[in-house]
Structures are given as structure tokens and as C-alpha cells.
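Residues per chain are reported as follows:
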Amino acid sequence: MTQTVKLILEDGTEIEGQSFGAFTSAAGEVVFSTAMTGYPENLTDPSFAGQILVLTYPMVGNYGVPGEELYESISKIFESDKIHIAGLVVNYYSEEHSHWNAAKSLGDWLKEYNIPGIFGVDTRMLTKKLREKGALLGKIVAETDVPLHDPNLDNLVAQVSPAGVQHYGHGQHKIVLVDCGTKTNIIRCFLERDVELIRVPWDYDFTTLNYDGLFLSNGPGDPKMCEATIQHLQKALQQDKPIFGICLGSQLMGLAAGGDTFKLKYGHRSHNQPVKLTGTQRCYITSQNHGFAVDTETLPAEWDMLFENLNDGTCEGIKHKTKPFFSTQFHPEAAGGPQDTEFLFDDFLKAVGEYKAAK
Ligand SMILES: NC(=O)CC[C@H](N)C(=O)O
């Protein structure tokens, strides 16, 4: 027996569907992802905080949710320690699941974190609407109504960033990871390499630390909310130590460099976004999940666009012309999605090695 719930959008659209997960109401920004798999990764990616996620792949839940396993005290399976989305919208929810490592159903997992899901929604119609009008505010309404709420007005990074400093791994390169809502696969990617990782909160003054390279993580919401990170980063940009940023980290690098960011109409969320490496004809297929982008036109003269999105021409990463600073708007750590650009972690650590050798 399922219960009826509604998805209501700010433009007045009301769609009736069936409840799965928690039978509760929630508001957020409604965004869509065209990735065909990867809901365990997406739902636990802190970058999705405040968002009601519409999955365009028609059948969801059929492979269940894996059980937790730990790796160096972090999750081996998930991208953080909880579900971050505000709600989930699917066409067909598969109540039966089957997979070798499934431990529970998607619906039960959502219930554990009190997150509502709605199924039986024409997600094709909904996605067309979001593409035409842009991302809209919306809410899933069960018994009690809730007001619409724009999560981009909140400092979501402060909500998902850790409270204290943590250390991981033993390696020759000491990397500071500024955690604005990092995906654990970024930590795993570093720990598989020759790295000692110092994970610090988003507003921590890392400029006082002794390190070889600086990494800026992904994270939720509007990058302009991260004033403290931008200020610290501006100091780091005065030095020559290598810096690498992913997604929100790329936007923060752009802002700290003196450039601007803007909100994309409906964002890029999928596992098959084509990006071109500037100065080459080389194209990579990438995993993406973002609603903002660096405005390439506003970048100071000493910076270049590093990658370009081949669908809409927007900036997919930036690079300093002379110093070892670079970033990607896409996710080289994947999880989920293609792993084709994971070599960028090696490129960064190579730059760190070269910096240390030159010193
Ligand atoms: N995945 C991310 O880091 C997203 C960055 C930022 N919150 C955006 O939506 O553009």
C-alpha cells in the first residue's frame, strides 16, 4: 500500500505521485540528473545538499543500496556519512532489488535519514520543464505543507563541512584538503597515492600550516557564500605551492583569482559531459554535478580556461599561466561515472614533487 504525495513547483505545477522513503514533506531546489546509475554515490554527495533530485533514468532502486564498509576510517562505499539530498523524484521505483552487495532497499535507506521520495512522476515532462524554465524551487508534500525554500541563500558549506581537523595516510607529499563538503572518493584517490592528508574545515586558516600542496573540494550551494575560504585562498595564490580544485573548489579558485561565477540555467548533472582540453582537440567524458560556473570572460590575464564544456561552451576548469594552480569543474574522482580523468590527481602530485625539488 503506497500513500499519495505531491510534487509542487514554484511555477504552480502540481504533480501527484506515490510516496517511498520517508512519508514527510521537504522543500528545496529541483534539479535533474541524467546519470543512468550511481544513486548511492549521488545521494551521499554533500554537493546535493538542499536539492530535490529528479533522476531521468526511468527505473530506480533495482540494485538496492550496498552495506557500509570502512577504508582508513572513511566510507569505502558512500561519498559521505549520510544522505544529503532534500528529496528524490523518480518515474518507476523498483520495490524489488537484487545485487550481490545490496544490503537494503533504496526506500528503506531514505527512511533511515527521513528523506522523502516520490515515484510515478513523468520525469521526462518534468525535465523538459526544468530545461525550459531553469532549475525551480519545489517541494514534496505529504501530510503537512512546508514553505518553498531557496537553499542557495544558505551557507550550505558551513552545514556539511567537518568541525575539526583530521589526518589520514602516510606519504611523502603533505596535502591540505579544504573540506567544503568533500566526496570521500577524493580522499580515497589521494590515499591510493603517496600522500599524507590533512583535512580541514572550510573556514580553517590553512595558511598557517606546513604543507606541500593545497586541494579545494567540491561542495554545495553558491560558491560566493564561502568568503572565509576565498580569503585564505587569496593568500595561498600569492605563493607558489601547487593548488588543485574540483567543482566548488574550481569556482572558489576563480573567485579568489579575481574572476566571477554565475548560476547556470539548469546545471550539469550526469556521467557523460564532454569537455575539451584547451589548446588540443582532446575530449574527455566526465562526471558532473554543478549549478554554477566560472565566467571565463572575467578571469584575470594570468589565468586561462583549462577545459571547455562541449555542450554549452561553459568553463570546465581554469589554470594559472605560470604557477602550478589548476582546477576542474567536473569530477576526476568520478563516483559515480567515468574514471577517465583520474590522472589529474597524478598531474597535481607531480607538480607538488616538482615544487619540492625546486625548493
Ligand atoms: N559538485 C560541486 O562541487 C557543486 C559546486 C556548486 N555547489 C555548484 O552547484 O555549482
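Reading the values: the criteria
Residues numbered from 1 in each chain as written. Predicted model: local features only at pLDDT ≥ 70, side-chain atom pairs only at ≥ 80, totals over all residues. Heavy atoms only, no water. UniProt positions renumbered as here; feature names shortened; annotations may be inferred. Helix = DSSP H or I, 4+ residues; strand = E, 2+ residues; numbered from the N terminus. Patch = residues over 30% accessible without salt bridge, like charges linked within 9 Å, V, L, I, M, F, W, Y side chains within 5 Å. Areas by Shrake-Rupley, 256 points an atom, 1.4 Å probe, with all protein chains shown as cover. Salt bridge = Lys/Arg side-chain N within 4 Å of Asp/Glu carboxyl O. Buried < 20%, exposed > 50% of the residue type's maximum accessible area, 1.4 Å probe, protein only. Core = buried A, V, L, I, M, F, W, Y, C linked by side-chain atoms within 4.5 Å. Pairing = 2+ DSSP bridges. Right-handed = clockwise from strand over helix to strand, strands pointing away. Near = heavy atom within 4 Å. Polar contact = N/O pair within 3.5 Å; in protein donor to acceptor, adjacent residues only side chain to side chain. 1 Å grid on protein atoms, 1.4 Å probe; cavity = no way out; pocket = protein on both sides within 12 Å on 5 of 7 lines; lining within 4 Å. Sits in = over half its atoms within 2 Å of the grid points. Nonpolar A, V, L, I, M, F, W, Y, C, P; charged D, E, K, R; others polar.

The protein chain goes by Carbamoyl phosphate synthase small chain in an unreviewed UniProt entry, where it is assigned to Hymenobacter yonginensis. The annotation that UniProt attaches to the protein chain under Sequence similarities (unreviewed entry) is "Belongs to the CarA family."

Chemist: Outline the UniProt feature "domain: Carbamoyl-phosphate synthase small subunit N-terminal" (unreviewed entry) in the protein chain, supporting the account with residue identities and numerical values.
Modeler: On the UniProt side, "domain: Carbamoyl-phosphate synthase small subunit N-terminal" (unreviewed entry) is annotated at positions that read residues 3-141 here. For residues 3-141, the helix share is 17%, the strand share is 38%, and the end-to-end C-alpha distance is 11 Å.

Chemist: An account of a nonpolar patch on the surface is requested, with residue identities and associated values reported.
Modeler: A surface patch of nonpolar side chains, amounting to about 410 Å² of accessible area, comprises Met-36, Tyr-57, Met-59 and Tyr-92. By the element assignment, Tyr-57 lies in the loop between β4 (51-55) and β5 (59-60). Judged by its relative accessible area of 31%, Tyr-57 is partly exposed.

Chemist: Lay out the nonpolar core in plain terms, naming residues and giving numbers.
Modeler: Ranked by internal contacts, the top residues of the largest apolar core, which has 30 residues, are Val-176, Val-178, Leu-214, Ile-243 and Trp-303. Of all the elements in the fold, those that place two or more residues in this core are β15 (173-179), β16 (195-201), β17 (213-216), α6 (227-236), α7 (248-256) and β21 (303-305). Take this core: its biggest share by element is five residues, from α7. Counting 26 residues, the second largest nonpolar core, distinct from the first, contains Ile-186, Ile-187, Tyr-284 and Phe-307.

Chemist: Provide a residue-level description of the pairing of strand β18 (residues 243-246), including the pertinent values.
Modeler: Burial along β18 is two-sided: Ile-243 and Gly-245 and Phe-244 and Ile-246, pointing in opposite directions, are all buried. Relative to β18, β17 is paired through three bridges, and the arrangement is parallel. Bridge assignment links Leu-216 to a residue of β18, and that residue is Gly-245. In this view, the connection linking β17 to its parallel neighbour β18 by way of α6 has right-handed handedness. With four bridges connecting them, β18 and strand β24 (residues 325-328) associate as parallel partners. For Ile-243, the partnering residue across the bridge sits in β24 and is Phe-325.

Chemist: Explain the site of the ligand residue by residue, including any values.
Modeler: With respect to spatial proximity, 13 residues lie near the ligand, and among them Gly-219, Gly-221, Cys-247, Gly-291 and Phe-292 are the closest. Measuring from a nitrogen atom of the ligand, one finds a side-chain N or O atom of Ser-47 at 3.0 Å. A distance of 2.8 Å separates an oxygen atom of the ligand from a polar backbone atom of Gly-291. When the ligand sits alone it has 290 Å² of accessible area, and the protein chains cover 98% of it. Among the cavities detected, the one that contains the ligand is the largest cavity. For the shell around the ligand, the elements supplying multiple residues, two or more each, are α7 and β20 (283-295). If one sorts the elements of the shell around the ligand by residue count, β20 sits on top with four residues. Of the residues contributing to the shell around the ligand, the split by class is four nonpolar, nine polar and no charged.

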